Each structure stands twice: as structure tokens, then as C-alpha cells.
Amino acid sequence: MIAPPEPLTDLEAMELALTEARQAAEAGEVPVGAIAVAGGAIVGYGQNRVIRYQDPVAHAEIVALREAAATLDNYRLNGVTLYVTLEPCAMCAGAMIHARIDRLVYAASDPKAGAAGSVMQVLNHPSLNHQMIVDHGLLAEESADLLRTFFRERRGS
């Protein structure tokens, strides 16, 4: 009998999200990556694709949520944890609420557009009917460094 694979740890999942972010940077996109996990297995990968798709909503989170919904054959993503390298914006936070994910783990905070508490509190707002577990800070420095390097190179400084 073959033993089933071990479920991904939070660290392993965030490392994979960082790999997605690096690939986005190589493609000229803002380096944000996301991984959707259900039952310890990956059900969706995402990286920013707004430039490549010419789609303003093709953020890493949205791409990963779409793939997870297709994989699970359900628009409701109960039981899913989403790992993201940057705190979600209001659009992505809203999508997570509508998808009913169970948990969000993000690396770096976003002091310009973060909707998990940095700029606004979209997630777990007391008036909303869906609440999720939110954890942050895992590999935050690596994610922030990737973003800083990307924008520094883009500015040419």
C-alpha cells in the first residue's frame, strides 16, 4: 500500500506562492503569487496576469480562486485556504468572501491598498455574513523584498 502524500504545510504553500510571484515578475507583472489549498493539496495556482491577459481583475488571488473553483467544480470554496504573497486588495478580498474560503494566509502587508486591515477592513467586517481566519507575516520579508526589487528595477534606480 502506498501512503498518501503529506499535506502541505503553511510554509511550503507560501514558498510555492513566492515561486508564482517570481514567475510573474519574470513576465513583467507585479510579483504577487497565490496558492489555493484544500484537504492539504493544491487546487489552484495564481500569479498576477493583468498585463498578459489585458484583464484588470486578473490578480493572483482571482486567478487562483478561478482555478480552484474549476478543480473543485464549485464556486463555493469552503474548506479552502488561500496563500498570497501580498495582502489582498478590496476586489480580491470581496472575491474571497463570495467564494466562502475558510482561511487566508498572506505574507507582506500592503500599506497602499491592503483590505485585510492595513488600509481598510473588508475581510471579517462585522456586517458581512462570512468570516474567515486570517493569518499574516509568513515569509513577509521575502515577499516585500521581491516587490521592492521589482519596483526599484522598474524605476531604474
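The notes below deal with the structure included here.

How each quantity is defined
Residues numbered from 1 in each chain as written. Predicted model: local features only at pLDDT ≥ 70, side-chain atom pairs only at ≥ 80, totals over all residues. Heavy atoms only, no water. Helix = DSSP H or I, 4+ residues; strand = E, 2+ residues; numbered from the N terminus. Polar contact = N/O pair within 3.5 Å; in protein donor to acceptor, adjacent residues only side chain to side chain. Contact = heavy atoms within 4.5 Å. Buried < 20%, exposed > 50% of the residue type's maximum accessible area, 1.4 Å probe, protein only. Pairing = 2+ DSSP bridges. Right-handed = clockwise from strand over helix to strand, strands pointing away.

## Quick look at the side chain of Gln-47
With respect to the element layout, Gln-47 can be found in strand β2 (residues 41–47). Here the side chain of Gln-47 touches Glu-20 through a polar contact of 2.8 Å, side chain to side chain. Engagement of the side chain of Gln-47 in a polar contact is seen with the side chain of Arg-52, the distance being 2.9 Å. Leave out the neighbours within four places in its chain, and Gln-47 touches Glu-20, Gln-23, Ala-24, Val-32, Gly-33, Arg-52, Ala-58, His-59, Ala-60 and Val-63.

## Some words on the pairing of strand β4 (residues 103–108)
Along a regular strand, successive side chains alternate from one face of the sheet to the other. β4 sits mainly inside the fold: six of its six residues count as buried. Note: strand β3 (residues 80–86) against β4, five bridges, orientation parallel. Across the sheet, Val-84 pairs through a bridge with Tyr-106, a residue of β4. In this fold, β3 hands off to helix α4 (residues 90–99), which returns the chain to β4; that crossover is right-handed. Examined bridge by bridge, β4 and strand β5 (residues 133–136) share four bridges and lie parallel to one another. Counterpart to Val-105 in the pairing with β5 is Asp-135.

## Quick look at α4
For α4, the full list of buried residues reads Cys-92, Ala-93, Gly-94, Met-96, Ile-97 and Ala-99. Buried residues belonging to α4 abut α3 (60–72), β3 and β4. The positive-phi residue at the C-terminal boundary of α4 is Arg-100, with phi of around 65°.

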